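# Observations on the three-dimensional arrangement
Listed below, chain by chain, are the residues.
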Amino acid sequence: MDMRVVQCPLCTLPLKPPVLQCKGGHVACGGCLAEPCRRCEHGGGFDVRSTAMDAVVSAARVQCPHDGCLTYVAYHELGDHRSACGHAPCSCPELGCSFAAPPRVLLVHLFVRHSMPAHKFQYGEDFRLLVPASEPSRRLLIGGDDGRAFLLSAGALGAATAVSVVCVRASAVLRPQYLCKMWSIMPPSQDLVVVKTKVTSSTSPGAVAAASFLTVPPRYYRVGAAGVSNSKLVPLNVRIDKI
Ligand SMILES: [Zn+2]
Ligand SMILES: [Zn+2]
Ligand SMILES: [Zn+2]
Ligand SMILES: [Zn+2]
């Protein structure tokens, strides 16, 4: 099928119900209904509903072009589907690497090609991590029952360390949602910094500005393992809930 048949001749966007037509039978989308018809001699308006075209545009189904996705959707729903598709390619967060693939393939790439550290966790359970203080670092968090990948990024924010978590998937995926709680405790005072946030999803997990991040001041740092120069580490507690 020539897809121009189901595109608005005026703006070339996919037609979706209700499709409108002029007295001469030329069609237009809802966004163009105020335009005069350029193909009719007297430039009539698009003021009649075309139920026949409604049926055509609903029946014109196309397959999602993402590798591994076998979903067929109405042509006018393809844009929405692509931005919410679980197989949407996600780009490698490592600087200078242009690799992009569906989340599960990207995960393997990050392990194999970049030796990115990974931590498997269970939803709803607290777990602990130590990340290098005041320097950029990344690690993967892998959900225990669904294999979902999250990218935890840490970096310097002045003398403090900022830590954020992003879900590696298309940004418009609605379900499931993930909540992330991150906190750091300073012994012996038990002073606490904490953030609780809905996890942002992105197909560019290395570039997205996460909705919120945890800022850990230097007084929370711990001295790194003996023999590892004078490195400082940030003690982190993390919990991710699936809703
Ligand atoms: Zn239009
Ligand atoms: Zn017309
Ligand atoms: Zn898809
Ligand atoms: Zn890469």
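Residues numbered from 1 in each chain as written. Chains lettered and ligands numbered in written order. Predicted model: local features only at pLDDT ≥ 70, side-chain atom pairs only at ≥ 80, totals over all residues.

### Some points on the overall build of the protein
This is how the line gets drawn: Secondary structure follows DSSP: runs of H or I at least 4 residues long count as helices, runs of E at least 2 residues long count as strands, and numbering of each begins at the N terminus. To get the radius of gyration, use the C-alpha atoms; to get the globule rule, take the number of residues to the power 0.38 and multiply by 2.2 Å. Exposed residues have 12 or fewer other C-beta atoms within 10 Å of their own C-beta, buried residues have 20 or more, and partly exposed residues fall in between, where C-beta atoms are placed from the backbone. We call two residues in contact if the C-beta atoms placed from their backbones are at most 7 Å apart.
Along its length, the protein carries 3 helices and 18 strands. By the compact-globule yardstick of 18 Å for 243 residues, the protein is too spread out, its C-alpha radius of gyration being 25 Å. Principal-axis analysis of the C-alpha atoms gives the protein an extent of 85 × 35 × 35 Å. Among the 243 residues that make up the protein, the fraction classed as buried is 27%. Intrachain contacts of the protein at a sequence separation of at least 6 include 47% that bridge at least 24 residues.

### Details of the domain arrangement of the protein
Basically, it comes down to this: These domain limits were set by an automatic method or by a database of domain assignments.
Segmentation of the protein into domains returns domain 1 (3-59) and domain 2 (90-242). Relative to domain 2, the C-alpha centre of domain 1 lies at a distance of 49 Å.

### A short note on the nonpolar core
Selection rule: Nonpolar core, as used here: buried Ala, Val, Leu, Ile, Met, Phe, Trp, Tyr and Cys residues forming one set through C-beta atoms within 7 Å.
Ranked by internal contacts, the top residues of the largest apolar core, which has 36 residues, are Phe150, Val163, Val166, Val168 and Val234. Of all the secondary-structure elements, those providing two or more residues to this core are helix H3 (103-114), strand S10 (137-143), strand S11 (149-157), strand S12 (160-168), strand S13 (178-186), strand S16 (214-216) and strand S18 (232-242). Ranked by residue count, the leading element in this core is S12, at 6 residues. Contact partners of valine 163, with chain neighbours within four places excluded, come to Val131, Leu152, Ala154, Met182, Phe213, Leu214, Val216 and Leu236.

### So, the environment of tyrosine 123
Position of tyrosine 123 among the secondary structure elements: in the loop between strand S8 (118-121) and strand S9 (127-132). The class of tyrosine 123 is partly exposed, set by 17 C-beta atoms lying within 10 Å. In this structure the C-alpha to C-alpha distance between tyrosine 123 and leucine 214, which are 91 residues apart in sequence, comes to 19 Å.

### Focus on the environment of proline 36
You can see proline 36 is positioned in the loop between strand S2 (27-28) and strand S3 (48-49). C-alpha separation for the pair proline 36 and tyrosine 123, spaced 87 residues apart in sequence, amounts to 56 Å. Sequence-distant contacts of proline 36, defined by excluding residues within four places in its chain, comprise Gly43, Gly44 and Gly45.

### Concerning the sheet that holds S2
Heads up, the condition is: In this analysis, strands are considered paired if DSSP registers two or more bridges between them.
Strand order across the open sheet formed by 3 strands is S2-S1-S3, with antiparallel pairing between neighbours. The strands lining the two open edges of the sheet, one partner per strand, are S2 and S3. As defined by bridge partners, strand S1 (residues 20-21) adjoins S3 across 2 bridges and the pair is classed as antiparallel. When the bridges of S3 are listed, leucine 20 appears paired with arginine 49.

### As for the pairing of S13
Strand direction decides the pairing type here: S13 and S18, joined by 6 bridges, are antiparallel. Across the sheet, lysine 181 pairs through a bridge with arginine 239, a residue of S18. In the sheet, S13 pairs with strand S14 (residues 191-198) via 8 bridges, with the strands oriented antiparallel. From the neighbouring strand, tryptophan 183 faces S14, where its bridge partner is valine 194. Following S13, the chain reverses through 4 residues before pairing antiparallel with S14; glutamine 190 in that reversal takes a positive phi of roughly 65 degrees.

### Section: unusual backbone geometry
Geometrically, the link from proline 17 to proline 18 is a cis peptide bond, its omega value of -5 degrees lying close to zero. Topologically, proline 18 is positioned in the segment before S1. At the junction of proline 187 and proline 188, the peptide bond is cis and its omega measures out at 0 degrees in the coordinates. Locating proline 188 in the fold gives a position in the loop between S13 and S14. Residue serine 115 is not a glycine yet carries a positive backbone phi of 50 degrees. Residue placement: serine 115 occurs in the loop between H3 and S8. On the neighbour-count criterion, serine 115 (8 C-beta atoms within 10 Å) is exposed. In this structure, serine 134 is a non-glycine residue whose phi angle is positive, near 55 degrees. Note on placement: serine 134 falls in the loop between S9 and S10.

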